[in-house]
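Per-entry structural report
Each chain, written out:
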Amino acid sequence: MASVRRLKKDIVELTAQLIGDCIDYVEYFDNADEEKAIAIISDAVKMHNDAIDRANHPDGKDNPKLVKAHYNKLQEDFVKGIDDAYAGLEKLVKE
């Protein structure tokens, strides 16, 4: 893990990219389902807030192994959440 600062920047960048892609979908597709796109954005914001909160408050601050495991789990969970959100957006685009 490089740093907590870099992790938080990555979380912000990936969330912003997902939200931007949802907005692009609504803007450029005539038959866009705005409610589902807004639901994806809402879930992305919740996921972002949770990830930032978890990054700011690691478990087991005194044990480096626990801290490393905490941040590794955070990264895995966040990437899986982003992948799931993009899968939902992909379904909307194909409809």
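Up top is the structure.
About the criteria used
- Residues numbered from 1 in each chain as written.
- Predicted model: local features only at pLDDT ≥ 70, side-chain atom pairs only at ≥ 80, totals over all residues.
- Heavy atoms only, no water.
- Core = buried A, V, L, I, M, F, W, Y, C linked by side-chain atoms within 4.5 Å.
- Buried < 20%, exposed > 50% of the residue type's maximum accessible area, 1.4 Å probe, protein only.
- Helix = DSSP H or I, 4+ residues; strand = E, 2+ residues; numbered from the N terminus.
- Salt bridge = Lys/Arg side-chain N within 4 Å of Asp/Glu carboxyl O.
- Contact = heavy atoms within 4.5 Å.
- Axes fitted to C-alpha atoms, helices over the stretch in contact; angles between N-to-C directions.
- Parallel < 35°, antiparallel > 145°, perpendicular 65-115°, else oblique.
- Patch = residues over 30% accessible without salt bridge, like charges linked within 9 Å, V, L, I, M, F, W, Y side chains within 5 Å.
- Areas by Shrake-Rupley, 256 points an atom, 1.4 Å probe, with all protein chains shown as cover.
- Lys, Arg positive; Asp, Glu negative; His and termini not counted.
- Charge placed at Lys NZ, Arg CZ, Asp CG, Glu CD.

**Some points on the nonpolar core**
The biggest cluster of nonpolar side chains holds 21 residues, and the ones touching the most others in it are Leu18 and Ile40. Going through the elements one at a time, α1 (4–28), α2 (34–56) and α3 (64–94) are the ones with two or more residues in this core. Sorting elements by how many residues they give to this core places α3 first, with eight residues.

**Describing the pattern of salt bridges**
One pass over the full model with this rule turns up eight salt bridges. Its salt-bridge partner being arginine 6, residue glutamate 13 comes within 3.7 Å of it at the nearest N-O pair. A residue is classified by how much of its surface remains accessible, and glutamate 13, at 47% relative accessible area, is partly exposed. Two residues, aspartate 84 and lysine 80, come together in a salt bridge whose shortest N-O distance is 3.1 Å.

**A closer look at the side chain of histidine 70**
Take histidine 70: it is sitting in helix α3. Given the relative accessible area of 10%, histidine 70 is considered buried. Apart from the residues within four sequence positions on either side, histidine 70 is in contact with Arg54, His57, Pro58 and Asp59.

**Details of the packing of α1 against α3**
Closest axis-to-axis distance for the α1/α3 pair is 11 Å, and the angle between their directions is 10°. Looking at the two axes, α1 sits roughly parallel to α3. Every residue of α3 that contacts α1 at Val4, Leu7, Ile11, Leu14, Thr15, Gln17, Leu18, Asp21, Cys22 and Tyr25 is listed here: Tyr71, Leu74, Gln75, Phe78, Ile82, Ala85, Tyr86, Leu89, Leu92 and Val93.

**Regarding a negative patch on the surface**
The grouping of Asp24, Glu27, Glu34 and Glu35 at the surface amounts to a negative patch. Elements represented by at least two residues in the negative patch include exactly α1 and α2. Along the chain, glutamate 34 turns up in helix α2. For glutamate 34, a relative accessible area of 47% corresponds to the partly exposed category.

Interpretation in functional terms is not warranted from these geometric data alone.
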